[in-house]
Amino acid sequence: MVFSIRKIVDYTLLFLTIAISGFPFFSSTILLIPIFLILFTVFLLRKKRFDKVFLIAIFLLAFITILQTFIFNFFSIQTSTGVFLRIVNGYLLVKILKENFANYYVNIFYVLSLISLFIFIPIILVPGLGNSLVQASSIFQILNIAGYDGNSLIVYTLHNLTLNRNSGPFWEAGAFGGYLVLAFILNYFLTFKRNKTKGIVILLTILSTLSSTAYFSVFFFLSIFYFKKIKNYFLKIVAITMLGSVSLFATFNLPFLSEKVINQVQQAAVINNPYADTNNSARFFSMLRDYKDLKGHEFFGRGSNPVTRYSFDHENQIRTVGITDIIVRMGVPYFLFMMFILHRSLRSFTYFYYFKEKLYYNGLFVTILLTLMSQVYFNFPIYWSFLFLSCAYKKKST
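All figures in this text were calculated on a predicted structure; none of them were measured in a lab. (Residues numbered from 1 in each chain as written. Predicted model: local features only at pLDDT ≥ 70, side-chain atom pairs only at ≥ 80, totals over all residues. Heavy atoms only, no water.)

1. A few points about the overall build of the protein chain
Counting its regular elements, the protein chain contains 17 helices and 0 strands. Scored against the burial criterion, the 398 residues of the protein chain give a buried share of 51%. Look at the contacts in the protein chain between residues 6 or more apart in sequence, and 72% of them connect residues 24 or more apart. Taken as a whole, the protein chain presents about 19,100 Å² of accessible surface, with 67% of it coming from carbon and sulfur. (Helix = DSSP H or I, 4+ residues; strand = E, 2+ residues; numbered from the N terminus. Buried < 20%, exposed > 50% of the residue type's maximum accessible area, 1.4 Å probe, protein only. Contact = heavy atoms within 4.5 Å. Areas by Shrake-Rupley, 256 points an atom, 1.4 Å probe, with all protein chains shown as cover.)

2. Topic: the nonpolar core
In terms of nonpolar packing, the biggest core is built from 98 residues, with Leu14, Phe101, Tyr105, Phe109 and Phe388 touching the most fellow members. If you tally residues by element for this core, the top one is helix α7 (residues 173-191), at 13 residues. Phe388 has contacts with Val53, Phe54, Ala57, Ile87, Tyr91, Val94, Ile341 and Ser345, leaving out every residue within four places of it along the chain. (Core = buried A, V, L, I, M, F, W, Y, C linked by side-chain atoms within 4.5 Å.)

3. Quick notes on the pattern of salt bridges
Under the definition given, this model contains 8 salt bridges. The partner of Lys95 in a salt bridge is Asp51, with the nearest N and O atoms 3.0 Å apart. Of the two residues, Lys95 sits in helix α4 (residues 77-97) while Asp51 sits in the loop between α2 (32-45) and α3 (52-72), which places them 44 residues apart along the sequence. Like Asp51, Lys95 is buried. (Salt bridge = Lys/Arg side-chain N within 4 Å of Asp/Glu carboxyl O.)

4. Topic: empty space enclosed by the protein
Overall, the coordinates contain 3 cavities of 30 Å³ or more when judged by the stated rule. Estimated volume of the largest cavity: approximately 220 Å³. If you go around the largest cavity, you meet 20 residues; those closest to its centre are Thr65, Gln68, Ser80, Gly303 and Ser304. For the lining of the largest cavity, the secondary-structure elements that each account for two or more residues are α3, α4 and α14 (322-330). Class assignment of the residues belonging to the lining of the largest cavity gives a composition of 8 nonpolar, 10 polar and 2 charged. (1 Å grid on protein atoms, 1.4 Å probe; cavity = no way out; pocket = protein on both sides within 12 Å on 5 of 7 lines; lining within 4 Å. Points joined across faces, edges and corners; volume = space filled by probe spheres on them. Nonpolar A, V, L, I, M, F, W, Y, C, P; charged D, E, K, R; others polar.)

5. Here we look at the packing of aromatic side chains
This structure, assessed with the given rule, holds 40 aromatic pairs. When the centroid spacing of 5.0 Å and the interplanar angle of 90 degrees are considered together, the rings of Phe189 and Phe355 count as edge-to-face. With Phe189 in helix α7 and Phe355 in the loop between α15 (332-352) and α16 (358-371), this pair connects stretches of sequence that are 166 residues apart. Take Phe189 and Phe355: they sit in the same class, and that class is buried. (Phe/Tyr/Trp six-rings, centres within 6.5 Å; stacked < 30°, edge-to-face > 60°.)

6. Some thoughts on the packing of α7 against helix α9 (residues 212-227)
What describes two packed helices is the angle between their axes and the distance between those same axes. One can describe the packing of α7 onto α9 by two numbers: an axis separation of 9 Å at closest approach and a directional angle of 15 degrees. As summarised for this structure, α7 and α9 are arranged roughly parallel, according to the angle between their axes. Along this stretch, α7 crosses α9, giving a crossing that reads as right-handed. Taken together, the residues of α9 that come into contact with α7 (itself represented by Gly177, Val181, Phe184, Ile185, Tyr188 and Phe189) are Ala214, Ser217, Val218, Phe221, Leu222, Phe225 and Tyr226. Among the residues forming the contact of α7 with α9, the class breakdown is 11 nonpolar, 2 polar and no charged. (Axes fitted to C-alpha atoms, helices over the stretch in contact; angles between N-to-C directions. Parallel < 35°, antiparallel > 145°, perpendicular 65-115°, else oblique. Left-handed = near helix turned anticlockwise from the far one by under 90°.)

7. Quick word on the side chain of Ser286
Here Ser286 lies in helix α12 (residues 283-294). Only 3.1 Å separates the side chain of Ser286 from the backbone nitrogen of Thr320, close enough to count as a polar contact. (Polar contact = N/O pair within 3.5 Å; in protein donor to acceptor, adjacent residues only side chain to side chain.)

8. A word on a nonpolar patch on the surface
A cluster of nonpolar side chains, contributed by Phe63, Ile71, Phe299 and Phe300, occupies part of the molecular surface with about 420 Å² of accessible area. Looking at the element boundaries, Phe299 is found in the loop between α12 and α13 (306-309). On the basis of relative accessible area, Phe299 is assigned to the exposed category, the value being 59%. (Patch = residues over 30% accessible without salt bridge, like charges linked within 9 Å, V, L, I, M, F, W, Y side chains within 5 Å.)

9. Digging into the environment of Leu133
Inspection of the secondary structure assignment puts Leu133 in helix α6 (residues 129-136). Note: C-alpha distance between Leu133 and Leu158 (25 residues apart in sequence) is 7.9 Å. Leu133 has contacts with Ile119, Ile123, Leu153 and Leu158, leaving out every residue within four places of it along the chain.

10. Here we look at the environment of Glu172
Its place among the elements puts Glu172 in the loop between α6 and α7. With 13 residues separating them in the primary sequence, Glu172 and His159 have C-alpha atoms 6.5 Å apart. Leaving out residues up to four positions away in the same chain, Glu172 has contacts with His159, Arg165, Ser167 and Gln375. Of note is the side chain of Glu172, whose polar atom sits 3.1 Å from the backbone nitrogen of Gly174. Engagement of the side chain of Glu172 in a polar contact is seen with the side chain of Gln375, the distance being 2.4 Å.

That's the geometry; what it means functionally is another story.
Dropping the structure here:
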């Protein structure tokens, strides 16, 4: 493979954006600024133009930010700068990479998958190797810009080794799983009926994360994708029945899935006040707290600074559900606008690769929403890139 200077620059920009979107040492708001300066410089040098949908998104966000400032009588320039830069950086990246975005994204996560498996499998098989790597990881602390208090080899995070889950280079296995799901899906549209090696490797890596959300997301996407291939109506009914049965069996019989789901539902069912009755940060409690936070602020949200974002004890709050978190931050109308442009972008992307049936782009849309059920991915610029795919992947008429 021949790498031109342009391709090297593009891969570097994408990798840096991915790194600040979840590598523990680099997930710092401070790094959004230099990344923006680099992206904007390349944007100008390549004589790109801003798209209307991006300008509308920024204008609406500025309007909401002004209203939130008056409502709460509070404004943080650091927080607001971070919010805007995440969106801007995600957009600039898509504009620079154009139709190469999906291919480069898949290639990077394919390499990260190989690296993670190369480290994860020996840790499982060789007693004491994990502890040895933890000790060796201290030499990388000089790169710990974000002040992460765990251990990282940069390309692999040594997070909760006793759980036997593959975290890859991200802060935890579930986060890695979500990004891998996107890579797996994009690869399907890029290489359908062709070489599937990358897809197999990425799928194996997803399995190694033991992420229930990643499992459900991939299972849902594959079900939708292959459901379309079945022409016989009776076989479709049989397929739906079988898939439903397998899903229920996996949910209630596989230990790492059933225990997590059943325990969280049972605990959430007896909670009267999600703030006062428990400090559990599991997704069901997170959703209940977000619901409480949103009351009275449905239209314009509460903003992203902890002072206004939470309705109680803002110094000790954690949120884990991306959908409800962004609704609380931005408000329902802006969230619906986000979903509109995301759906529009995914439609453009699938059309670009001649997958024009509604089932494909709607299935892809729902799959991405599923990944947001366990991580606050919109706190990172790479997820915002997917809202602007329509600015790079123009719909083909033939």
